[in-house]
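Per-entry structural report
Here's the letter readout for the chains.
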Amino acid sequence: MIPVLVINSGSSSFKYQLLDMATERTLASGLVERIGEPVGVARHTVYATPTDGPAPAFLDATRTRELPIPDHTAGFAVMLDAFAADGPSLDEQPPVAVGHRVVHGGARFFEPTLITPLVEINIDELSVLAPLHNPANLAGIHAARRAFPDVPHVAVFDTAFHQTLAPAAYTYAINAEVAASHRIRRYGFHGTSHKFVSEAAAAFLGRPLGELKQIVFHLGNGASVTAIDGGRSIDTSMGFTPLEGLVMGTRSGDIDPAVLFQLQRRAGMDVDDLDDLLNKRSGLLGLAGSNDLRDIRAGIERGDERAILAFQVYVHRLRAYAGAYLAQLGGADVISFTAGVGENAPLVRSGALETLGFAGVEIDHERNESPDRGIRVISTDASPVTVLVVPTDEELEIARQTLGVSRA
Ligand code: ADP
């Protein structure tokens, strides 16, 4: 047994997962939320370990507790209580390392990094670029280091995978001095998922990662697409922040920036109103009243015109990026779909690719509609480009990288 604990900390909540890296199975997971509110909630799930075969872990038991959780340190105490009460016992099998998801590594962190006081200072300093995320990630790191003082803690950055972008791909065509003094450039996000999926796709196909040109669509509530050449990210749709690119659950993705000038000048919106509009009240939600593609699908079935338009806008953008990235890569060997929408919405997958027959992309509609859950091919056997659905597993990827660094 090689237990590794993975922490994904937000400002008022954190998620955790304990994995056994000898088998890469999840032993337990949980969520501590409403930190700082009068009553917090802690949910701890223990997974029964299958005795043989690589079957996925299955649900054994979840316990939910409600109690005041004033801060992250108290949250970690609640988590430790849950492990002590419901298992697995961290006294018998303490984690060998703790991995932390950190959203922004700026231009500084290319790789998963052993957390030292200096690294913490750097993560804190990068809060300028990610004011909502890095401080929340740091709160989790501080609390976790207090709870597990004797094991290595490793930061795994959402931006790191995209640090291979060339200047042509990451530079915005704005005044160079202004950009340099405020570190304005494209950073890219969801890197842990894009890396995991592109590696899983290569392994599934039994082909060397270094030889493959890949496009990965990560379509969850947040959504991004990455062009990957030989395992290296060469272009990605999210930019300075996770707002750029695809249409998302509540975010607009690409928009003419002059729309913001207009709304500021003519509609009296200030910068916070605009931030709220584009990040929280746009995307599918803004177009059709729900950020959930299941509701959009139900709306389409009812003939709701707003839902139909929202779907068309969503897919139109996907197709535009598919075409752009085929051009940047000079063709693709593999196109993969992942995350909540990518794994579960055949209509989105076929919509994104249906016009790409000329580029060698042929979807097999029966395969695409199949309710199978695992990694699977949805292109025809004759399709020059292989199209896959690849369930993502960011916690497993963080645990792998954490173990790699802690053993180095
Ligand atoms: P997050 O970005 O929050 O991690 P997920 O990857 O879990 O998001 O994706 C969540 C989204 O996936 C939901 O908002 C919904 O739009 C979509 N989704 C989840 N399940 C389905 C389904 N069965 N069919 C269509 N869409 C789904």
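Residues numbered from 1 in each chain as written. Predicted model: local features only at pLDDT ≥ 70, side-chain atom pairs only at ≥ 80, totals over all residues. Heavy atoms only, no water.

Time to look at the UniProt feature "site: Transition state stabilizer" (unreviewed entry) in the protein chain. In this structure's numbering, the residues bearing the UniProt feature "site: Transition state stabilizer" (unreviewed entry) are His190 and Arg251. Along the polypeptide, His190 turns up in the loop between α5 (176–181) and α6 (191–205). Judged by its relative accessible area of 11%, His190 is buried. Apart from the residues within four sequence positions on either side, His190 is in contact with Asp158, His162, His218, Gly222, Ala223, Ser224 and Met238. The residue Arg251 is located in the loop between β11 (232–236) and α7 (258–266) in this model. Apart from the residues within four sequence positions on either side, Arg251 is in contact with Gly222, Met238, Pro242, Leu243, Leu246, Leu278, Asn279, Ser282 and Gly283. (UniProt positions renumbered as here; feature names shortened; annotations may be inferred. Helix = DSSP H or I, 4+ residues; strand = E, 2+ residues; numbered from the N terminus. Buried < 20%, exposed > 50% of the residue type's maximum accessible area, 1.4 Å probe, protein only. Contact = heavy atoms within 4.5 Å.)

This next bit is on the pairing of strand β6 (residues 97–102). The buried count for β6 comes to 5 of 6 residues, which makes it a mostly enclosed element. In the sheet, strand β1 (residues 3–9) pairs with β6 via 4 bridges, with the strands oriented parallel. Paired with Leu5 across the bridge in β6 is Val98. (Pairing = 2+ DSSP bridges.)

What follows deals with helix α15 (residues 394–407). In an α-helix, one full turn covers 3.6 residues, which means residues spaced three or four apart are oriented alike. Taking 1.5 Å as the rise per residue, α15 with 14 residues should run 20 Å; its terminal C-alpha atoms sit 20 Å apart, in good agreement. Along α15, the residues that are buried comprise Leu396, Glu397, Ile398, Ala399, Gln401, Thr402, Leu403 and Val405. Along its buried surface, α15 packs onto β1, β2 (13–20), β6, β7 (113–114), β8 (153–157) and α6. (Expected span 1.5 Å × (residues − 1).)

What follows covers the site of the ligand. The environment of the ligand is made up of Gly220, Asn221, Gly222, Asn291, Asp292, Leu293, Arg294, Arg297, Ala339, Gly340, Val341 and Asn344. A distance of 2.8 Å is found between an oxygen atom of the ligand and a backbone nitrogen or oxygen belonging to Leu293. In this structure, an oxygen atom belonging to the ligand sits 3.4 Å away from a main-chain N or O atom of Val341. Coverage of the ligand by the protein amounts to 68% of the 580 Å² it exposes when considered alone. Elements supplying a minimum of two residues to the shell around the ligand: α10 (293–302) and α12 (339–344). Classifying every residue of the shell around the ligand by side-chain character gives 3 nonpolar, 6 polar and 3 charged. (Near = heavy atom within 4 Å. Polar contact = N/O pair within 3.5 Å; in protein donor to acceptor, adjacent residues only side chain to side chain. Areas by Shrake-Rupley, 256 points an atom, 1.4 Å probe, with all protein chains shown as cover. Nonpolar A, V, L, I, M, F, W, Y, C, P; charged D, E, K, R; others polar.)

With 15 residues, α6 should cover 21 Å at 1.5 Å per step; its first-to-last C-alpha distance of 21 Å lies within 8% of that length. Of the residues making up α6, those classed as buried are Gly191, Thr192, Ser193, His194, Phe196, Val197, Ser198, Ala201 and Ala202. At its buried positions, α6 is contacted by β8, β9 (213–219), β10 (223–229), β12 (334–338), β14 (386–389) and α15. Positive phi shows up at Gly206, right after α6, with a value of about 65°.

What follows deals with the packing of helix α11 (residues 305–329) against helix α13 (residues 346–353). Following both chains from N to C, one finds α11 and α13 inclined at 50°, their axes separated by 8 Å at the closest point. By the angle class used here, α11 and α13 are oblique. By crossing handedness, the relation of α11 to α13 is classed as right-handed. Contact with α11, carried on its side by Phe311, Tyr314, Val315, Leu318, Arg319 and Ala322, involves Leu347, Val348, Gly351, Ala352 and Leu353 of α13 and no other residues of that element. For the contact of α11 with α13, the residue count by class is 9 nonpolar, 1 polar and 1 charged. (Axes fitted to C-alpha atoms, helices over the stretch in contact; angles between N-to-C directions. Parallel < 35°, antiparallel > 145°, perpendicular 65-115°, else oblique. Left-handed = near helix turned anticlockwise from the far one by under 90°.)

With the exception of glycine, most residues fall at negative phi, and the peptide bonds are largely trans. Cis geometry is found at the peptide bond from Gly87 to Pro88, where omega equals -10°. Among the secondary structure elements, Pro88 is positioned in the loop between α1 (72–86) and β6. Despite not being glycine, Arg34 shows a phi value in the positive range, around 60°. Looking at the secondary structure, you find Arg34 in the loop between β3 (25–33) and β4 (40–48). At His190, a position not held by glycine, the phi torsion is positive, near 60°.

Time to look at the sheet that holds β14. Read from one edge to the other, the open sheet built from 6 strands follows the order β11-β10-β9-β12-β14-β13, with strand pairing classed as mixed. The outermost strands of the open sheet, each flanked by one partner alone, are β11 and β13 (376–377). Sheet topology places β9 next to β12; 5 bridges connect them, and they run parallel. From the neighbouring strand, Phe217 faces β12, where its bridge partner is Phe337. Packed on one face of the sheet, α6 meets β9, β10, β12, β13 and β14 and runs near 130° to β9.

Most of β1 sits inside the fold, with 7 of its 7 residues counted as buried. Strand direction decides the pairing type here: β1 and β2, joined by 7 bridges, are antiparallel. Considered in β2, the bridge of Leu5 is made with Leu18. The antiparallel pairing of β1 with β2 creates a hairpin that spans 3 residues between the two strands.

Let us look at the pattern of salt bridges. Per the counting criterion, the structure on display carries 18 salt bridges. Ionic pairing is found between Arg101 and Asp158, a salt bridge with its closest N-O pair at 2.6 Å. Of this pair, Arg101 sits in strand β6 while Asp158 sits in the loop between β8 and α4 (167–170), placing them 57 residues apart in sequence. A salt bridge links Asp235 to Arg186, with the nearest nitrogen and oxygen atoms 3.6 Å apart. Pair noted here: Asp235 is in strand β11 and Arg186 is in the loop between α5 and α6, with a separation of 49 residues, a long-range link. Both residues of the pair, Asp235 and Arg186, count as buried. (Salt bridge = Lys/Arg side-chain N within 4 Å of Asp/Glu carboxyl O.)

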